[in-house]
Amino acid sequence: MGGFGTYEVGWAIGFVGIGLSKELAINSGIVVHIIGIVYYVLLGFYGYQYLCKNNTSIKESIRSI
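Rules used throughout
Per chain, residue numbering runs from 1 following the sequence as it is written. Thresholds applied to this predicted model are a pLDDT of at least 70 for local features of residues and 80 or more for the giving and counting of side-chain atom pairs; totals over whole chains, interfaces and linings are not thresholded and use all residues. Each side-chain value is worked out from all heavy atoms of the structure, with water and hydrogens disregarded. Here a Phe, Tyr or Trp ring, Trp counted by its six-membered ring, pairs with any other such ring whose centre lies within 6.5 Å, and the pair is stacked when the planes are under 30 degrees apart, edge-to-face when over 60, and tilted otherwise. Secondary structure is summarised from DSSP: a helix means a run of H or I of at least four residues, a strand means a run of E of at least two, and numbering begins at the N terminus for each. Categorising residues by exposure relies on relative accessible area from a 1.4 Å probe, with only protein chains included: less than 20% of the type maximum marks a residue as buried, more than 50% marks it as exposed, and the intermediate range marks it as partly exposed.

## Things to note about the packing of aromatic side chains
What the rule picks out here adds up to 4 aromatic pairs. Ring plane angle 50 degrees and centroid distance 5.0 Å describe the contact between W11 and F15, whose orientation is recorded as tilted. Within this pair, W11 and its partner F15 are both found in helix α1 (residues 6–17), separated by 4 residues, close to a single helical turn. Overall, the relative accessible area of 25% leaves W11 in the partly exposed class. Classification of F15 by relative accessible area gives partly exposed; the value is 29%. With a centroid separation of 5.4 Å and 65 degrees between ring planes, the pair formed by Y39 and Y40 is classed as edge-to-face. Three or more aromatic residues joined by ring pairs make a cluster, and in this case those are Y7, W11 and F15.

The structure is reproduced here in structure tokens:
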């Protein structure tokens, strides 16, 4: 997965800098990353369902952007 690791390092450095334990900072960064991935997958799924419901071709919709 792209960006997995660099995001967590920045997250962990920031939270360790304000006094959080290293383990908790790393684990919370991973959890937040996973929550973001799930959010974007669900958003993409709902968008795809919307396009299919309206009988709109995905290619036509992308071309209109």
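Resuming the write-up.
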